[in-house]
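# Residue-level structure breakdown
This is what each chain is made of:
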Amino acid sequence: MAEQSDVLAEPTGRDFSIRSIINNAGIGLALLGLILFFSIFTEHFLNPNNITNILTQITINLILAVGMTFVILVGGIDLSVGSVMAFAAVVAGKAITLPGFGPTEVILLACIAAVTAGFVCGLLNGLITSYWALPSFIITLGMLNIARGAALHVSDAQTIYSFPFAFEEFGSAQIYGVPVVFLVALALVLLAWFVLNRTVFGRLLYGIGNNEEAVRLAGHPVFWYKVAAFTICGLTAGIAAVVYMARLNIASPIAGIGFELNAIAAVIIGGTSLSGGRGSVIGTLLGAFIIGVLANGLILIGLSDFMRQMITGVVIIIAVILDYYRARYAKK
Amino acid sequence: MKFMKFAAVAATSIALLAGSANADDKPVVGLIMKSLANEFFQNMLEGAKEHEIKRGDYELRAVGMQNETDFESQINAVENFITQGVDAIVIAPADSRAMVRPLKRAMEAGIVVVNFDVSLDADAKKQQGIDLAFVGPDNRGGAKLAGDALGELLGAGGKVVIIEGNPGADNANERRLGFEDSVKQFGLELLDSRTAHWETEEANTVFSNILTAHPDTQGVMVANDSMAIGVVKALESAGRKDIVVVGFDNIPAVGPMIKDGRMLATVDQFGQAMAANSIDLALGVIAGGPKLEGWVKTPIELVKGN
Amino acid sequence: MVAVQPIGEEISQETDNLLSVTGLKKHFGGVKALDGVSFSLKPGEVHALVGENGAGKSTLIKVLSGVFPFDAGEIILDGAPYTPANPHNAKTHGVQVVHQEFNLLDHLSVAENISIEAMPKTRLGLLDRKEMNRRARVALDAIGLRDVDVRATVQSLGIAHRQLIEIARALQSESTILILDEPTATLTERETKRLFEIVQSIKAKGVTIVFVSHHLNEVFAICDRVTIFRNGKTITTEEISDTTPTGVVRHMVGRKLAEEMEHGIEPHARGDVALGIKDLCVTQNPHDAGISFDLHYGEVLGIAGLVGAGRTELLRGIFGIDPLRSGTIERDGIPVKFSGPRDAIAAGIGFVTEDRKDEGLILEMPIAANISLANMHNVSASGLLRFFKEKQQAREGGKRLKLKYGKITDPASSLSGGNQQKVVLAKWLARNPKILILDEPTRGVDVGAKAEIYAILKGLVREGVALLIVSSEMPELMTLSDRILVLADHQVKGALERSEFSEENILKLAYGQNTNAEGIS
């Protein structure tokens, strides 16, 4: 009897991803609610220029949050991304202002420099955390200081400026009102989604976040997977540095202070569990949107800075509470 | 009791060590700065170091902070300097109230204290019963210089926005008040006033949003140049060439912007020289000169394009 | 076929019942966990609840202890309707549960754990450590645990002691009903005996005990009545004196599985040596001498021993999980070195761990993903997952193991214990291992699934796979094994051939009364 009904109950669709869409529906509705609210109560919210602004403004946070999603999924945390971004930026800033090269060469050089700097910092975070099985919280807190110090050291605490024109163009370019830098971030989201949902690597990252020991006993090199997650996070900090420079045409050693917390907030609001193993990068995308829309809308509505900060905090807490209920509902 | 005794012995031995440290009779000046991550203070430190070599008749010990608001390490630094027995402490306080009490102890220990960059709170000084001069630029006056430049250009009824520094920071407050003075004097209309925490990226974001809410903005008064860069970038990406920006600090990065007219003006408070000037004043007092009094204003200058 | 006890008036008329449950229903989404459960408790009896995993026992216990509310039906406690709002509420009604999963705080002391619900305070409102330790001492003495220091951390104790401390904690408050949820699952024979003595003494104090167990011999040893569950329904309640284990099993599984359980392994040819272990010392081994044995293809080698004899450590050492101090491992006669599970797996070895939840399964992930966890190469191409292949593999594995599941993409946590264990097995079987190591393969598994797992293991042996099995259940070892190696204190105390199998012989060696052999092959 039982066996028969099992066979009949077997579904044919790709319910894994359907389920993840349903899981994200809550956060999507919250975003929709915010958008609706601001559209009604402010004059300019739906103005195409404002939409462009929002997309530009969430780009850096989104890029950092994509990398952060990988780390949080394996049960870690990376507090260093803001500082690593600043370090990558000043290294790239040094490269891009090198005399004696053409603009294409220095831009290429700067991109490589930024991504390499991010890669190295992330790799170190991962190696140290995994090799000694230490809490990533404290290791990346160390890296936060190292990278910030390195950024100040490399730049002599001076803001680096005057970049090639083509680089500035890239930072402000738009396609039908959509900033190119946002498209870069979106491409990263899609790539991350594919890696997490369609590859063995991604599957095992989820597995490690849920039950590291089971994955290890199944013969997988957990060590390197965790290192990879941190390295990806560092890489995204490097990419964020390039976007930062392109957008503002400076490389400041004090850039990105507190960015790690915004990135973590986007990931958590997006429904990824801080203890790892559950969540999605699509949720992270929505989380970054919620933070960006809120920051934008509250200014349009004319709320004071202090109220704005309070409301952002309240929203983070509400999101986590909602996630608690969603997780409970999903279990039943 | 035992502990007290031990502490006393320890204190004496430290004092002895300190005494031997400046045996070559040159006066020792302890310089306490704010965040060296801020290029303004970094430049100031460079200026002080050059000054030490140039004068050659004193020894400089400089300490910087982790960040702008880290007054705890400033208190520690003051205490360390007292223990080391320096001759003068030259300080840019991170908090105008919290630093009063430790500086009072330094003065009681016979150390010449010079307060520069940010003035200590007058009420707090009165309460502690100390009289301490302030050496520094007039942040409010400086901001007003920049604000006036904007006001003159726009004329009465011009619609402006202020981008503030860290809420609670004294120089941020002073600069905002200076901008507001200009607003009043020229009959400008203040549309919005918000903080971007001295940060380029945040200023870019915040100002983009303000611009959406108030597309009729004509001028922006920005409390430092790092933020002004973010504002200029926001204007560029919005394609608005009609809005005028003024900043503060005259950091190198805004040089090109002033030159090509993307910024109207900024204010130079000659930061690099400020620490060195304060040290000169302190050495003057050590050498038996008159006590400093009131507000020793350092020069400020409006920097405009051609 | 089976007589379902009539629901309704007949039971509620019985006025001498301490607790009576009538027509209880509880569903989670579409799953009917309880679908009309009725049973009653007489004051001072020991009442067994038996049934396959997923039959509804755990849900019933959680309803009784206030973890879940129920949807329909009625519970009468002491003549009044009983609807516990939460576990605390249930406790104030005198209903205490000792759960299968421990609710102890590992880093706190035994005394702190026992007093956690009501810490004694001094007049100043500070923690009264002395009084706390005294109360804990009394509570432990009451159940005969005189050898445990109340100041020791729970972490430092064995699993059996933890169980007993849970019981001591439950008994500390006034309880009229004590529910023991599979209390013997992790206990050795001797510890079980001790538990039974304690149960008897509690019973003598007038406490009514509900005893949930998979071990019918235990049920028949200490219980007065037994209620049998199947598919969320109560099948029947019987006096122990009126029934037999075979009868109970028939009610439980609804099919004639009892015979399968009785069958031993049929005689078969032993192949070449698959795994040669020579003087293997794990780091926990206090002695210089290690463990040696040979495991042949088509052979089941059982490993017996008390808790702490070093059985699990040995298996983990062989599989390359923990580093070895010394010794060699030969695979097909060739010396090998496993620097991690990866190497062992590559050498054709699989390892079904003792701890399903912490080491075997990723509970939150789909059944299919769990089955493919050790077989990623089967279900992927150049690093990309092939979902169709993955589901196919899972369905095939499920069919082979008679896995009962809703959807193959449901999380593994949705399965009952027995089915979860089958998923772990399916994960390894999909690799077609030459050697399969199993640590407590049927812990927390119900009778039906147990029989099915036995049948699978026997099938594997027929195919020539070498099995190395550690189990605390001696009947299990004696049913499955060709030979049994008895360990004590990280040493081989003896080896028994099939003809020598008896619980007495195993125990004699396990308690170190016979040291006739060191290395056996």
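Rules and cut-offs
- Residues numbered from 1 in each chain as written.
- Chains lettered and ligands numbered in written order.
- Predicted model: local features only at pLDDT ≥ 70, side-chain atom pairs only at ≥ 80, totals over all residues.
- pLDDT = per-residue confidence, 0-100.
- Contact = placed C-beta atoms within 7 Å.
- Helix = DSSP H or I, 4+ residues; strand = E, 2+ residues; numbered from the N terminus.
- Expected span 1.5 Å × (residues − 1).
- Bend = angle between axes of the 7 residues up to and from the residue.
- Buried ≥ 20, exposed ≤ 12 C-beta atoms within 10 Å, placed from the backbone.
- Arc of directions from axis to C-beta.
- Nonpolar A, V, L, I, M, F, W, Y, C, P; charged D, E, K, R; others polar.

Here we take up the confidence of the model for chain C. Residue and element names in this part refer to chain C. Mean pLDDT over chain C stands at 84; residues scoring 70 or higher make up 90%. Here residues 1-14 is modelled with pLDDT under 50, and outside its nearest four sequence neighbours on either side it reaches 23 contacts, counting other chains as well. Here residues 514-521 is modelled with pLDDT under 50, and outside its nearest four sequence neighbours on either side it reaches 19 contacts, counting other chains as well. Across the whole predicted complex the pTM is 0.77, and at the interface the ipTM reaches 0.85.

Right, let's get into helix α3 (residues 48-73) of chain A. Residue and element names in this part refer to chain A. Over its 26 residues, α3 runs 35 Å from end to end, which matches the ideal 38 Å to within 8%, given 1.5 Å per residue. The largest bend in α3 is about 40°, located at Thr59. Burial of α3 is extensive: 23 of the 26 residues sit out of reach of the surface. Just downstream of α3, Gly75 is the residue with a positive phi angle, here 85°.

A separate point is helix α7 (residues 189-204) of chain C. All names here are of chain C. The terminal C-alpha atoms of α7, which comprises 16 residues, lie 23 Å apart, in line with the 22 Å expected from a rise of 1.5 Å per residue. The complete set of buried residues in α7 reads Glu191, Thr192, Leu195, Val199 and Ile202. Down the axis, α7 shows its buried residues gathered within 100° of arc, on one side only. Along α7, exposed side chains directed more than 90 degrees from the buried face belong to Gln200 and Ala204. After α7 finishes, the residue Gly206 shows a positive phi value of roughly 95°.

Let's shift gears to the interface of chain A and chain B. Each partner contributes residues to the interface: chain A has 29 residues there, and chain B has 27 residues. When contributions to the side of chain A that touches chain B are tallied by element, the ones reaching two or more residues are α3, α10 (222-248) and α12 (281-300) of chain A. Grouping the constituent residues of the side of chain A that touches chain B by class yields 12 nonpolar, 14 polar and three charged.

Attention shifts here to the interface of chain C and chain A. The interface is formed by 32 residues belonging to chain C together with 29 residues belonging to chain A. Taken together, the elements giving at least two residues each to the side of chain C that touches chain A come down to α12 (341-346), α13 (356-360) and β18 (384-385) of chain C.

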